[in-house]
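Structural features, examined
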Amino acid sequence: MDLKRTDLFRTKSYINGTWIEAKNKNTLAVNNPYNGAHLADVSDCGVNEVTEAIDAASDAFEIWKKYSAGKRAKILKKWHQLQMQHAEDLALILTTEQGKPLAEALGEIKYGASFVEWFAEEARRIYGDTIPGHASSIRIVTIKQPVGVVAAITPWNFPSAMITRKVAPALAAGCTVVIKPSELTPLSALALGVLAEEAGFPPGVINIVVSSDAPAIGETMCASPKVRKLSFTGSTRVGKILLKQSADTVKKVSLELGGNAPFIVFDDADIDEAVKGAIASKFRNAGQTCVCSNRLFVQDSIYDEFVQKYTEAVKQQSIGSGLDAGTVIGPMIEEKAVQFVESVVADATSKGAKLMSGGRRHEAKDGTLLYEPTVLCDVNTDMDVFKKEIFGPVAPVFKFSTEEEVIALANNTEYGLASYFYGRDYARIWRVAEALEYGMVGINTGMISTAVAPFGGIKQSGFGREGSKYGMDDYLEIKYMCWGGVK
Ligand code: ADP
């Protein structure tokens, strides 16, 4: 890897300000998903190391929480500045271990850094209230205080931004953190650790523990009374395990889980814009984001025109190595992800769906995890593509006739993360936006993620919000003081 700063490439975990190997010297291999090339053997930690990290974070909390908001903000700003300064190196590490096109990786690094900047600014605005007392001698004041040690478990699809999105508000609030990145993409996390150390966070404030034994790490984090908050982004299956495990210590929990996003195109939409939005929201990261549109619903009078234009646009998406200029769809993360996509496409076609493009692995010399961008039409609600989160570059296009029908279809899922629709009638825009049972609604846009807005879901997509003025609340406790005897 041709890095300007070679020291960003780390293979040890970062605990209490020290880069450590696993005590038993175990390592785990990190590979490039594009060609399977071996990238690194990273120290593979376990329960002992994560316990050490929790202890370190707990000790450091006593120091960090007493820093003034301005002092915390200054270190966070420095971290942000370093991430921007070394964005190209961070993006190269990200693409190499994760596969997404370099331009997208650079976008992720800047997006991730924007959370650090935003929460550095918000650190100074953790305001309380004064409340008129319930008696003439009473005065009431609220303050907000950091919850304490935060455990963050993050996924491979955004190896950098899912960390900063949790860690920046936690640190700004005065919490300390123990991060367990995905074992598939630990290098981006460790590179952020190098820059955090350089930014000047005291030892123990940020800890990064890499492990191939995620269940053991998760259990230890959940069982520890020192960990006061768990923030998780990943599958609904694992989110449920962590929520159950957090019950015994009555931990605060935020969960950002799976989605099954509808993307609705009404007959008065600008079809060309809707096609662009549907491309952006479906194929980013090869379809491997929790806000990717999963089910496209197009009104019957424009269905054929939309499918034709969309299929043409999908066929233009070039697929290959994320490091090649011009690639817009990189490899999927691992073999079982490709097999899952193959299974949902086979299910759909066996039940009568028509393949408009793709529908198979790309036959590249050295890229077996490349799956061709795929459009399916004549799909119906009995198919897996309606019910399951596809998490791959496959777009099923459903036909609907009325607003009422499409709202019912869109809401017919246990998930409630992102949703999208295109149309112009302003009354319908309000009706539909209010009727969609989702935490986020993109209206005439396929891109909704930004540090300034509250990202999060409802139903089995989880709870808690990341980003925006609301994002800090997840890391704060409200304390109220009742002052009596004011005569
Ligand atoms: P995905 O399907 O996106 O890989 P996962 O939920 O499997 O989602 O993984 C997200 C994160 O959760 C990763 O860091 C992974 O190591 C971790 N993880 C997986 N299983 C568990 C578990 N039982 N307890 C705690 N963390 C887990």
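These figures come from a predicted structure and were not determined experimentally. (Residues numbered from 1 in each chain as written. Predicted model: local features only at pLDDT ≥ 70, side-chain atom pairs only at ≥ 80, totals over all residues. Heavy atoms only, no water.)

On to the site of the ligand, then. In the region of the ligand, 16 residues are neighbours, and Thr 154, Trp 156, Lys 180, Glu 183 and Ser 235 sit closest. Within the side chain of Trp 156, a nitrogen or oxygen atom sits 2.9 Å from an oxygen atom of the ligand. Measuring from an oxygen atom of the ligand, one finds a side-chain N or O atom of Glu 183 at 2.6 Å. Of all the secondary structure elements, the ones that give two or more residues to the shell around the ligand are α7 (214-223), β10 (227-233) and α8 (236-245). Broken down by element, the residue count for the shell around the ligand peaks at 3 residues, all from α7. Class assignment for the residues of the shell around the ligand results in 8 nonpolar, 6 polar and 2 charged. (Near = heavy atom within 4 Å. Polar contact = N/O pair within 3.5 Å; in protein donor to acceptor, adjacent residues only side chain to side chain. Helix = DSSP H or I, 4+ residues; strand = E, 2+ residues; numbered from the N terminus. Nonpolar A, V, L, I, M, F, W, Y, C, P; charged D, E, K, R; others polar.)

This structure, assessed with the given rule, holds 28 salt bridges. A salt bridge links Arg 5 to Glu 198; the nearest nitrogen and oxygen atoms lie 2.8 Å apart. Within this pair, whereas Arg 5 is found in the segment before β1 (13-15), its partner Glu 198 is found in helix α6 (residues 186-199), the two being separated by 193 residues in sequence. Arg 5 sits in the buried class, given a relative accessible area of 17%. A single network of salt bridges, built from pairs that share partners, joins Arg 165, Lys 166, Glu 256 and Glu 466. (Salt bridge = Lys/Arg side-chain N within 4 Å of Asp/Glu carboxyl O. Buried < 20%, exposed > 50% of the residue type's maximum accessible area, 1.4 Å probe, protein only.)

Here we take up the nonpolar core. Within the largest apolar cluster, 64 residues are counted, with the highest numbers of intra-cluster contacts made by Val 42, Leu 76, Trp 79, Leu 171, Val 177, Phe 201 and Ile 206. Discounting residues that sit within four places of it in the chain, Ile 206 has contacts with Tyr 14, Trp 79, Leu 171, Val 177, Ile 179, Ala 196 and Phe 201. By size, the runner-up hydrophobic cluster in this structure holds 37 residues, among which are Val 265, Cys 290, Tyr 303 and Leu 417. (Core = buried A, V, L, I, M, F, W, Y, C linked by side-chain atoms within 4.5 Å. Contact = heavy atoms within 4.5 Å.)

Glancing now at the packing of helix α2 (residues 69-85) against helix α4 (residues 102-122). Running from amino to carboxyl end, α2 crosses α4 at an angle of 165°, the nearest separation of the two axes being 8 Å. Judged on the interaxial angle alone, α4 and α2 are roughly antiparallel. α2 and α4 meet at a crossing whose hand is left-handed. Touching Ala 73, Leu 76, Lys 77, Trp 79, His 80, Gln 83 and Met 84 of α2 are Ile 109, Lys 110, Gly 112, Ala 113, Ser 114, Val 116, Glu 117 and Ala 120, all from α4. In terms of residue class, the contact of α2 with α4 is built from 8 nonpolar, 4 polar and 3 charged. (Axes fitted to C-alpha atoms, helices over the stretch in contact; angles between N-to-C directions. Parallel < 35°, antiparallel > 145°, perpendicular 65-115°, else oblique. Left-handed = near helix turned anticlockwise from the far one by under 90°.)

How big an interface is tends to be expressed through the accessible area that disappears when the partners come together. For the chain, the domain assignment lists domain 1 (6-258 + 461-480) and domain 2 (261-412 + 418-450). One C-alpha centre belongs to domain 1, the other to domain 2; they are set 31 Å apart. At the junction of the two partners, domain 1 supplies 22 residues and domain 2 supplies 27 residues. With both chains or domains summed, domain 1 and domain 2 bury close to 1,900 Å², and 62% of this area falls on carbon and sulfur atoms. At the junction of domain 1 with domain 2, the criterion picks out 0 salt bridges. Our count for the contact surface shared by domain 1 and domain 2 stands at 5 residue pairs in polar contact (both at pLDDT 80 or more). Every element with two or more residues in the side of domain 1 that touches domain 2 is listed here: α3 (87-98) and α4. (Domains from an automatic or database assignment. Buried area = accessible area lost by both parts, 1.4 Å probe.)

Moving on, we come to the packing of aromatic side chains. Evaluated as defined, the whole model comprises 15 aromatic pairs. Between Phe 266 and Phe 400, the aromatic rings sit 5.7 Å apart at their centres with planes inclined by 85°, giving edge-to-face as the arrangement. Separated by 134 residues along the polypeptide, Phe 266 in the loop between β12 (261-265) and α9 (271-283) and Phe 400 in strand β16 (residues 394-400) bring together distant segments of the chain. Look at Phe 266 and you get buried, because its relative accessible area is 1%. (Phe/Tyr/Trp six-rings, centres within 6.5 Å; stacked < 30°, edge-to-face > 60°.)

Glancing now at the environment of Met 221. Its place among the elements puts Met 221 in helix α7. With residues near it in sequence (within four places) discarded, Met 221 still touches Val 50, Ile 54, Ala 151, Ile 153, Val 178, Lys 180, Val 227 and Lys 251.

Overall, mixed pairing links the 7 strands, which are arranged β14-β15-β16-β13-β12-β17-β18 in an open sheet. Only two strands of the sheet have a single neighbouring strand rather than two, namely β14 (354-357) and β18 (440-443). Taken pair by pair, the neighbouring strands of this sheet meet at an average axis angle of 25°, ignoring direction. With 4 bridges joining them, strand β17 (residues 418-422) and β18 adopt parallel strand pairing. (Pairing = 2+ DSSP bridges.)

Attention now moves to the state of the cysteines. Scanning the model with the defined rule gives 0 disulfides in all. Cys 222 provides the cysteine sulfur closest to Cys 175, a residue in no disulfide bond, and the two sulfurs are 17 Å apart. (Disulfide = S-S within 2.5 Å.)

Two elements in contact, α3 and α6, have axes separated by 8 Å at closest approach and are oriented at 160°. Between α3 and α6, the crossing angle belongs to the class labelled roughly antiparallel. Of the two possible hands of crossing, α3 and α6 adopt the one that is right-handed. Facing α3, whose interface residues are Leu 90, Ile 93, Leu 94 and Glu 97, α6 presents Pro 186, Leu 187, Ser 188, Ala 191 and Leu 195.

In this section: the environment of Thr 220. Here Thr 220 is to be found in helix α7. Here Thr 220 falls in the buried class, since its relative accessible area comes to 17%. In sequence terms Thr 220 and Asp 7 are 213 residues apart; their C-alpha atoms lie 30 Å from each other. Apart from residues no more than four positions distant in its own chain, Thr 220 is found in contact with Val 47, Val 50, Thr 51 and Ile 54.

Strand order in the open sheet made by the 3 strands is β5-β6-β20, with antiparallel pairing throughout. Strand pairing shows two members of the sheet lacking a second neighbour, β5 (130-132) and β20 (476-483), which therefore form its edges. Each neighbouring strand pair of the sheet contributes to a mean axis angle of 25°, computed without reference to strand direction.

Moving on to the pairing of strand β13 (residues 293-299). The buried count for β13 comes to 7 of 7 residues, which makes it a mostly enclosed element. Bridge analysis of β12 against β13 gives 5 bridges, and the strand direction is parallel. Residue pairing for β13: Ala 261 is matched across the bridge by Ser 293. In this view, the connection linking β12 to its parallel neighbour β13 by way of α9 has right-handed handedness. Where β13 and β16 come together, 4 bridges link them in parallel fashion. Bridge pairing in β16 places Val 298 opposite Lys 399. (Right-handed = clockwise from strand over helix to strand, strands pointing away.)

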